[in-house]
Amino acid sequence: MKGLWLENQQLQLRTDLPVPSPPSDEALVRVLRAGICNTDLELIRGYYPYKGILGHEFVGVVEDGPENLVNQRVVGEINAACGECRFCRTGQPTHCQNRTVLGIVNRNGAFADYLTLPVKNLHPLPDTISTDAATFTEPLAAALEIQEQVRVAPDHQVLVVGDGKLGQLVAQTLALTGCNLLVIGRHHEKLANLEARGIKVGFADAITNGPFDISVECTGNPEGFALARGALRPRGTLVLKSTYAGNLTFDASSLVVDEITLIGSRCGPFKPAINLLAQDKVNVNYLIQSHYPIEEGLTAFNHAQQRGVLKILLTMDQNS
């Protein structure tokens, strides 16, 4: 089968990869569509020493698995947990000590014709969600994870730093809480998309109505971190949604003095994300920049790495 293989931070298109054979508790999924995200780009830059097929945002069709799932369109949670460690036993499978992670840690990913995942990780899709829109389920779930970790109320002043792919989803989900929300970024056209949905936007100099109760950093760069941190009130909460390929330097003493709560945030709940897409409560279609067939995957990655680019989708089945 075809797939985009990463080794020694070098990406290549391979056509000699074997179709995976699923273990008894897993399903074989034929991939229809997969999205390139910032984590994929960070892996190429050395964020984590991964070797294998990249990709974790996907929609596919089950070809081998339980009868009720065969021929069904599905999306999948990316952490494959052991079910036995203390994190699994306490309901925290995304922190399983023995987990593999689709396209990130010891498990081949979605930028290929086929992948395997545990059956319990798979979620069938309603027909009302298009295949393109469904590729956003995983990052939308990650955006919703913030509300699993932090109480966001209508009287809270909330800042989102970053107008990229993740920032757009975080902003849309936080706006549904009715909070007093401001999104800052660097791109007029991206901010305009949010403004059209009634979300207050601006550039860095717009941070004048703080201090904020909660700030969410979605840029993955030190400047974004500094803006998000500086905008917080004492005892405010700083949520980090981005992975960093390099080291981040910050004033730890100020976190102590201001008693800031610092929260890392990544994978989130799939069912609420699917429901939001099905009910059309978030708009993801405008985030799609371009489609490429898997055969042009290297060109797609070059496009995805350009500044200001939104979501690049890879198509494995040209008829899907």
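Refer to the structure printed above.
Rules behind the numbers
- Residues numbered from 1 in each chain as written.
- Predicted model: local features only at pLDDT ≥ 70, side-chain atom pairs only at ≥ 80, totals over all residues.
- Heavy atoms only, no water.
- Pairing = 2+ DSSP bridges.
- Helix = DSSP H or I, 4+ residues; strand = E, 2+ residues; numbered from the N terminus.
- Contact = heavy atoms within 4.5 Å.
- Axes fitted to C-alpha atoms, helices over the stretch in contact; angles between N-to-C directions.
- Buried < 20%, exposed > 50% of the residue type's maximum accessible area, 1.4 Å probe, protein only.

### What about the sheet that holds strand β2 (residues 10-14)?
Inference 1: Judged by pairing direction, the sheet is antiparallel, and its three strands sit side by side in the order β2-β1-β4 without closing on themselves. At either margin of the open sheet sits one strand with a lone partner, and together these are β2 and β4 (52-53).
Inference 2: Of the strand pairs in this sheet, strand β1 (residues 3-7) and β2 are connected by five bridges, and their pairing is antiparallel. What sits directly across from E7, in β2, is Q10.
Inference 3: The strands that helix α10 (residues 297-304) touches are β1 and β2; relative to β2, the one it contacts most, it runs at about 145 degrees.

### Regarding the sheet that holds strand β12 (residues 180-184)
Inference 1: With respect to topology, six strands assemble into an open sheet ordered β13-β12-β11-β14-β15-β16, the strand pairing being parallel. The sheet is open, and its two borders are formed by β13 (200-202) and β16 (261-264), each paired with just one other strand. Across the sheet, the mean angle from the axis of one strand to that of its neighbour is 20 degrees, orientation sign disregarded.
Inference 2: Bridge count for strand β14 (residues 212-217) against strand β15 (residues 232-240) is five bridges, and the pairing is parallel.

### Notes on unusual backbone geometry
Inference 1: The backbone of N71 shows a phi angle near 70 degrees, a positive value even though the residue is not glycine.
Inference 2: Its location among the elements puts N71 in the loop between β5 (57-64) and β6 (73-76).
Inference 3: In this model, R235 sits at a positive phi of 65 degrees, which is unusual for a non-glycine residue.
Inference 4: Following the sequence through the fold, R235 ends up in strand β15.
Inference 5: For R235, a relative accessible area of 57% puts it in the exposed group.

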